[in-house]
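Listed below are the residues making up each chain.
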Amino acid sequence: MTKIAFIGLGNMGGGMAANQAKAGHQVSAFDLSEAALERAASAGCTRASSVAEAVRDAEVVITMLPAGPHVHQVYAEQIIGAAPTSALLLDCSTIDVETARKVAALAKDAGYAFADAPVSGGTAAADAGTLAFMVGCDEGDFARVEAALEPMSRITIRAGDMPRLEVAVGGSGNVRYGGRTADLEVAIAGSGDVSVAEASGPVSRSVVGSGTVSIGR
């Protein structure tokens, strides 16, 4: 049983936290919404009165927050320094590249192991524990990251040391990711095919149209 702090219990985070509790972990959960806290408690999580209380004895801290400013504020002001430096910090929020890198730097400078772990999948996948995680972390931390994400995931892929992999699809299309990239952003709207394989540096692709996006082998 792992002591997990879960911060952010919205449409995605609520199901994710519930799956951690279902897997037998001790989950201390926090959200600003009383209704979200009640749902988490009914799913087996322990309510925390603050972020600091949630992370105080955590072995793993998972955040699923609405936007970049929330992530930066919570890490800079409430997690770093309050969580034990032995804790693994995982941010699963969908945020901008710049903020993701700033938060990673803050965590690492403070002596924490940190992983940028954005998800692919909607609320049904969050509830079912079948999300896909595309992780940026140090290679030596990946086994620990993968184990922490396992109750919530269908697949977990390490995409490099500290990427922010963003895949946005508008219109009809399929996305497949494989290989490792240092920094990859893909945006599709409309028809067209994109294939990026075994990239070793920054990659950016934008396609107008509808079709298939293949990133990897």
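What comes next is a walk through the structure. (Residues numbered from 1 in each chain as written. Predicted model: local features only at pLDDT ≥ 70, side-chain atom pairs only at ≥ 80, totals over all residues. Heavy atoms only, no water.)

## Some words on the nonpolar core
Stated formally: Side-chain atoms within 4.5 Å link the members of a nonpolar core, which is a set of buried Ala, Val, Leu, Ile, Met, Phe, Trp, Tyr and Cys residues. Each residue's exposure class comes from its accessible area (1.4 Å probe, protein chains only) as a fraction of the maximum for that residue type: buried when under 20%, exposed when over 50%, partly exposed otherwise. What counts as a helix is a DSSP run of H or I of at least four residues, what counts as a strand is a run of E of at least two, and both are numbered from the N terminus. What makes two residues a contact is simply this: any of their non-hydrogen atoms within 4.5 Å.
In terms of nonpolar packing, the biggest core is built from 34 residues, with Phe 6, Met 16, Leu 90, Cys 92, Phe 133, Val 135 and Leu 149 touching the most fellow members. The biggest single contributor to this core is helix α7 (residues 142-149), with 4 residues. Setting aside its immediate chain neighbours within four residues, Leu 90 contacts Val 60, Val 61, Ile 62, Thr 63, Tyr 75, Ala 115, Val 145, Ala 148 and Leu 149. Counting residues in each nonpolar core, the second largest holds 24 residues, with Val 51, Val 61, Leu 65 and Ala 100 among its members.

## Overview of the pairing of strand β2 (residues 26-30)
Just so we agree on the cut-off: Strands were regarded as paired on the criterion that DSSP finds at least two bridges between them.
The buried count for β2 comes to 4 of 5 residues, which makes it a mostly enclosed element. Relative to β2, strand β1 (residues 3-7) runs parallel, the two sharing 5 bridges. Directly across from Ile 7, in β2, lies its bridge partner Phe 30. Bridge count between β2 and strand β3 (residues 46-47): 2 bridges; the pairing is parallel. Within the sheet, the bridge partner assigned to Ser 28 lies in β3 and is Thr 46.

## A few points about the packing of helix α4 (residues 68-79) against helix α5 (residues 97-109)
Helix packing geometry: the angle between the two helix axes and the distance between the axes. This is how it is decided: Only the contacting stretch of a helix is used when fitting its axis, a line to C-alpha atoms as for every element, and angles between N-to-C directions run 0 to 180 degrees. Geometric relationships in this document are graded by angle, where less than 35 degrees denotes roughly parallel, more than 145 denotes roughly antiparallel, 65 to 115 denotes roughly perpendicular, and other angles denote oblique. Gly is placed with the polar residues, together with every amino acid not listed as nonpolar (Ala, Val, Leu, Ile, Met, Phe, Trp, Tyr, Cys and Pro) or charged (Asp, Glu, Lys and Arg).
Contact geometry of α4 with α5 gives a least axis separation of 10 Å together with a crossing angle of 5°. Relative to α5, the element α4 lies roughly parallel. Contacts between α4 and α5 involve Gly 68, Val 71, His 72, Tyr 75 and Ala 76 from the first element and Thr 99, Lys 102, Val 103 and Leu 106 from the second. Here the residues of the contact of α4 with α5 are counted per class, giving 5 nonpolar, 3 polar and 1 charged.

## Re the sheet that holds β1
Reading across the sheet, the 6 strands line up as β3-β2-β1-β4-β5-β6 and stay open at both edges, with parallel pairing between neighbours. Strand pairing shows two members of the sheet lacking a second neighbour, β3 and β6 (113-116), which therefore form its edges. Sheet contacts for helix α1 (residues 13-22): β1, β2 and β4 (60-63); angle to β1, the most-contacted strand, approximately 170°.

## Structural notes on the pattern of salt bridges
It is possible for side chains of opposite charge to pair when their charged atoms get near one another. Operational definition: We define a salt bridge as a side-chain nitrogen of Lys or Arg found within 4 Å of a carboxyl oxygen belonging to Asp or Glu.
As enumerated under the stated definition, the model contains 3 salt bridges in all. The partner of Glu 34 in a salt bridge is Arg 47, and the shortest N-O contact between them spans 2.9 Å. Here Arg 47 lies in strand β3 and Glu 34 lies in helix α2 (residues 34-42), a separation of 13 residues in the sequence. In this structure Glu 34 comes out as partly exposed when scored by relative accessible area, which is 42%. With a shortest N-O distance of 2.8 Å, Asp 138 and Lys 108 are connected by a salt bridge. A residue pair is termed long-range when its members are at least 10 positions apart, and Asp 138 in the loop between β8 (131-135) and α7 and Lys 108 in helix α5 qualify at 30 residues. For Lys 108, a relative accessible area of 34% puts it in the partly exposed group.

## So, the sheet that holds β8
Taken together, the 3 strands give an open sheet; going across it, the order is β7-β8-β9, and neighbouring strands pair in mixed fashion. Unpaired on one side and paired on the other, β7 (119-120) and β9 (153-158) mark the two borders of the sheet. Bridge count between β7 and β8: 2 bridges; the pairing is antiparallel. Residue pairing in the sheet places Val 119 in a bridge with Phe 133 of β8. Here α7 sits on the sheet in contact with β8 and β9, set at roughly 160° to β9.

Keep in mind that these numbers describe shape and distance, not what the molecule does.
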